[in-house]
Amino acid sequence: MREVAVIGVGMTKFGELWDMSLRDLFVEAALGAMKGAGTDSIDSIYVGNMSGGQFVGQEHLGPLMADHLGLGGVPATRVESACASGGMALRSAYLEVASGMSDLVLASGVEKMNDGADVTGVLATASDQEEEVYYGVTFPGLYAMIARAHMEKYGTTEEDMSWVSVKAHRNGAKNPHAQFRRVMSLEDVLTSSVVAEPLRLLHCSPVTDGGAAMVLCPLDRAHEFTDKPVKILASGAATSSLTLADRADPADLDVVELSGNRAYEMAGVTAEDIDVAEVHDCFAIAEICCYEALGFVEKGFGKDAAREGITDLGGKIPVNVSGGLKSKGHPVGATGIAQAVTIIEQLRGEGGEVQVEGAKIGLAQNMGGSGASSVVHIFQGV
Ligand code: COA
């Protein structure tokens, strides 16, 4: 396999973007990435998207997006793995460059959620229809069950989850792309309305429109395009049961641990080597589970990490410096690419107000469903 680098990144603002369509979001992000890479030539395109068909009635996104980017004729493929669609699109692009098949590949993700009529129902199609949705459960409900299991097993409290949200909003307030740029106090979180007990509004990621993209090329060509390439050290992916009840233990996101271990092994690094990480905090409890599954803290200590500042800027391992899905927003198909964009910026020293000083190795973890798919990428500035 060839070594692969990221040479340009782009993303739209995240939020309720009523004046932009699905294709507009893609094109803005893709042009940003291509401009960053200094190229208008692309050999292949991957588009991460969870549910264009149900949110805006649009399928067949590969050729549609290639055409609107002015690259009709270029092979273009939509990649779907629920909320991990973006991360899986990046993995596909990485594999195509690593294999030697193509040199310049665009990895992108896009979702237009606010135009949809039944967002909660559409999202729920990523859980098991026969064994979960039929009984009326939604994603907030499933993550509420994960939270309850975590509380019972490890003694996690509502306040522990709330510190994760406080951190997210503190970081997101400094991110010009974020949907919610408001600092929230512990009291704000603890008194926000209950969505699915014990999860409150401010423990949940919002409904978001947005797009993100990056251009990949072989590492040995990267300096033709940029003086700040970032190498992809590893791509680790895993799956688990869609049905939460079929998991060995719903309190632990095994799929995250498996994908993380695969990535650590491929990169030849451990959790101790990671300087900055973006993890899939679709609900605050998911971030706590990810701390443990990725080995940032011992199992059972995830609940303490945000409160004690371990995952804060300036802490031992800063997590979700972008504001995470909670504050930056969660346009499901775009999220995995946007997480990686944040890590690339950090490793180039372009993190602005949330720059982690001296960050050399970064990790992005993107998850689908209630933990049925996960993909982890590890990057290094070169
Ligand atoms: N965090 C912070 N504020 C939020 C928010 C969030 N997650 N979601 C909505 N708001 C704000 C809105 O801006 C609005 O504020 P305003 O009154 O000042 O304008 C207010 O809360 C009400 O917004 P509304 O859109 O009516 O909220 P809602 O009750 O319809 O939706 C959730 C709230 C949490 C149910 C919805 O965001 C949701 O379903 N989130 C989860 C998405 C999800 O499951 N993603 C996939 C994960 S696997």
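Residues numbered from 1 in each chain as written. Predicted model: local features only at pLDDT ≥ 70, side-chain atom pairs only at ≥ 80, totals over all residues. Heavy atoms only, no water.

### Description of the site of the ligand
Reasoning step 1: Near the ligand lie 14 residues; those nearest to it are Leu202, Cys204, Ser205, Pro206 and Lys326.
Reasoning step 2: Here a nitrogen atom of the ligand sits 2.8 Å away from a polar atom, N or O, in the main chain of Ser205.
Reasoning step 3: The fraction of the free accessible surface of the ligand (920 Å²) that becomes covered by protein chains is 61%.
Reasoning step 4: In terms of residue class, the shell around the ligand is built from 11 nonpolar, 2 polar and 1 charged. (Near = heavy atom within 4 Å. Polar contact = N/O pair within 3.5 Å; in protein donor to acceptor, adjacent residues only side chain to side chain. Areas by Shrake-Rupley, 256 points an atom, 1.4 Å probe, with all protein chains shown as cover. Nonpolar A, V, L, I, M, F, W, Y, C, P; charged D, E, K, R; others polar.)

### Overview of helix α7 (residues 158-172)
Reasoning step 1: Taking 1.5 Å per residue, 15 residues should reach 21 Å; α7 reaches 21 Å between its end C-alpha atoms and fits that length.
Reasoning step 2: Buried within α7 are the following residues: Asp160, Met161, Ser162, Val164, Ser165, Val166, Lys167, Ala168, His169, Asn171 and Gly172.
Reasoning step 3: Of the surrounding secondary structure, the elements contacted by the buried residues of α7 are α6 (139-154), α8 (186-190), β6 (199-200), α10 (284-293), α11 (302-305) and α12 (324-328). (Helix = DSSP H or I, 4+ residues; strand = E, 2+ residues; numbered from the N terminus. Expected span 1.5 Å × (residues − 1). Buried < 20%, exposed > 50% of the residue type's maximum accessible area, 1.4 Å probe, protein only. Contact = heavy atoms within 4.5 Å.)

### What about the nonpolar core?
Reasoning step 1: Tyr143, Ile274, Phe296 and Ile378 are the most contacted members of the largest nonpolar core, which totals 61 residues.
Reasoning step 2: Secondary structure elements with two or more residues in this core: α5 (119-124), α6, α7, β8 (230-239), α9 (254-267), α10, β10 (361-368) and β11 (373-381).
Reasoning step 3: Looking at this core element by element, the count peaks at 8 residues for α10.
Reasoning step 4: If near-sequence neighbours (up to four positions away) are discounted, Ile274 is found in contact with Tyr264, Val269, Phe296, Ile317, Ile361, Gly362, Leu363 and Ile378.
Reasoning step 5: Grouped together as the second largest cluster of nonpolar side chains are 38 residues, Val4, Ile232, Ala237 and Val356 included. (Core = buried A, V, L, I, M, F, W, Y, C linked by side-chain atoms within 4.5 Å.)

### As for a nonpolar patch on the surface
Reasoning step 1: A contiguous nonpolar surface patch, about 320 Å² in accessible area, is contributed by Met1, Leu95 and Met266.
Reasoning step 2: Positionally, Leu95 belongs in helix α4 (residues 85-98). (Patch = residues over 30% accessible without salt bridge, like charges linked within 9 Å, V, L, I, M, F, W, Y side chains within 5 Å. Salt bridge = Lys/Arg side-chain N within 4 Å of Asp/Glu carboxyl O.)

### Considerations on the packing of aromatic side chains
Reasoning step 1: By the definition in use, this model includes 3 aromatic pairs.
Reasoning step 2: Relative to Tyr143, the ring of Phe139 has its centre 6.5 Å away and its plane inclined at 40°; by these criteria the two rings are tilted. Linking Phe139 with Tyr143, this pair stays in helix α6, spanning 4 residues, or about one helical turn. The same class applies to Phe139 and to Tyr143, which are both buried.
Reasoning step 3: Ring pairing ties together the aromatic residues Phe139, Tyr143 and Phe283, which thus form one cluster. (Phe/Tyr/Trp six-rings, centres within 6.5 Å; stacked < 30°, edge-to-face > 60°.)

### Side note on the domain arrangement of the protein
Interfaces are often sized by the amount of accessible area the parts lose when they come together.
Reasoning step 1: Considered domain by domain, the protein is made up of domain 1 (4-118 + 208-224) and domain 2 (138-203 + 233-381).
Reasoning step 2: Computed over C-alpha atoms only, the centres of domain 1 and domain 2 are separated by 23 Å.
Reasoning step 3: Listed per partner, the contact involves 39 residues of domain 1 and 33 residues of domain 2.
Reasoning step 4: Roughly 2600 Å² is buried in total at the junction of domain 1 and domain 2, and carbon and sulfur atoms are behind 69% of that figure.
Reasoning step 5: Area buried by domain 1 at its contact with domain 2 is led by Met11, Phe14 and Cys83, which between them contribute 24% of it.
Reasoning step 6: Run the count over domain 1 and domain 2 and you get 0 salt bridges.
Reasoning step 7: At the boundary of domain 1 and domain 2, one finds 13 residue pairs in polar contact (both at pLDDT 80 or more).
Reasoning step 8: Residue assignment for the side of domain 1 that touches domain 2 shows that the elements contributing at least two residues are β1 (4-11), α4, β4 (105-112) and β7 (209-218).
Reasoning step 9: Residue contributions to the side of domain 1 that touches domain 2 peak at 7 residues, all from α4.
Reasoning step 10: Looking at the side of domain 1 that touches domain 2, its residues break down into 19 nonpolar, 15 polar and 5 charged. (Domains from an automatic or database assignment. Buried area = accessible area lost by both parts, 1.4 Å probe.)

### As for the sheet that holds β4
Reasoning step 1: Strand order across the open sheet formed by 9 strands is β3-β2-β4-β7-β1-β8-β11-β10-β9, with mixed pairing between neighbours. Looking at which strands have only one partner, the edges of the open sheet turn out to be β3 (76-79) and β9 (276-278). Strand-to-strand, the axes of this sheet are offset by a mean angle of 25°, without reference to chain direction.
Reasoning step 2: Here 7 bridges tie β1 to β7, and the two strands are oriented antiparallel to one another. Its bridge partner being in β7, Val9 is matched across the sheet by Met214. (Pairing = 2+ DSSP bridges. Axes fitted to C-alpha atoms, helices over the stretch in contact; angles between N-to-C directions.)

### Section: the packing of α6 against α10
Reasoning step 1: Axis separation between α6 and α10 bottoms out at 9 Å; the angle between their running directions is 50°. Relative to α10, the element α6 lies oblique. The handedness of the crossing between α6 and α10 comes out as left-handed. Between α6, through Tyr143, Ile146, Ala147, His150 and Tyr154, and α10, the contact on the second element is made entirely by Ile285, Ala286, Ile288, Cys289 and Glu292.
Reasoning step 2: For the contact of α6 with α10, a count of residues per class yields 8 nonpolar, 1 polar and 1 charged. (Parallel < 35°, antiparallel > 145°, perpendicular 65-115°, else oblique. Left-handed = near helix turned anticlockwise from the far one by under 90°.)

### Structural notes on the environment of Ala37
Reasoning step 1: Here Ala37 lies in helix α1 (residues 22-37).
Reasoning step 2: A C-alpha to C-alpha distance of 4.2 Å links Ala37 and Gly8, two positions 29 residues apart in sequence.
Reasoning step 3: Non-local contacts of Ala37, meaning those with residues more than four positions away in its chain, are made with Ile7, Gly8, Val215 and Phe225.

### A short note on the pattern of salt bridges
Reasoning step 1: According to the stated counting rule, one finds 20 salt bridges in the structure shown.
Reasoning step 2: The residue Lys112 makes a salt bridge to Asp115 at a minimum N-O spacing of 3.9 Å.
Reasoning step 3: Here the salt bridges share partners, and the residues they tie into one network are Arg2, Asp103, Arg221 and Glu224.

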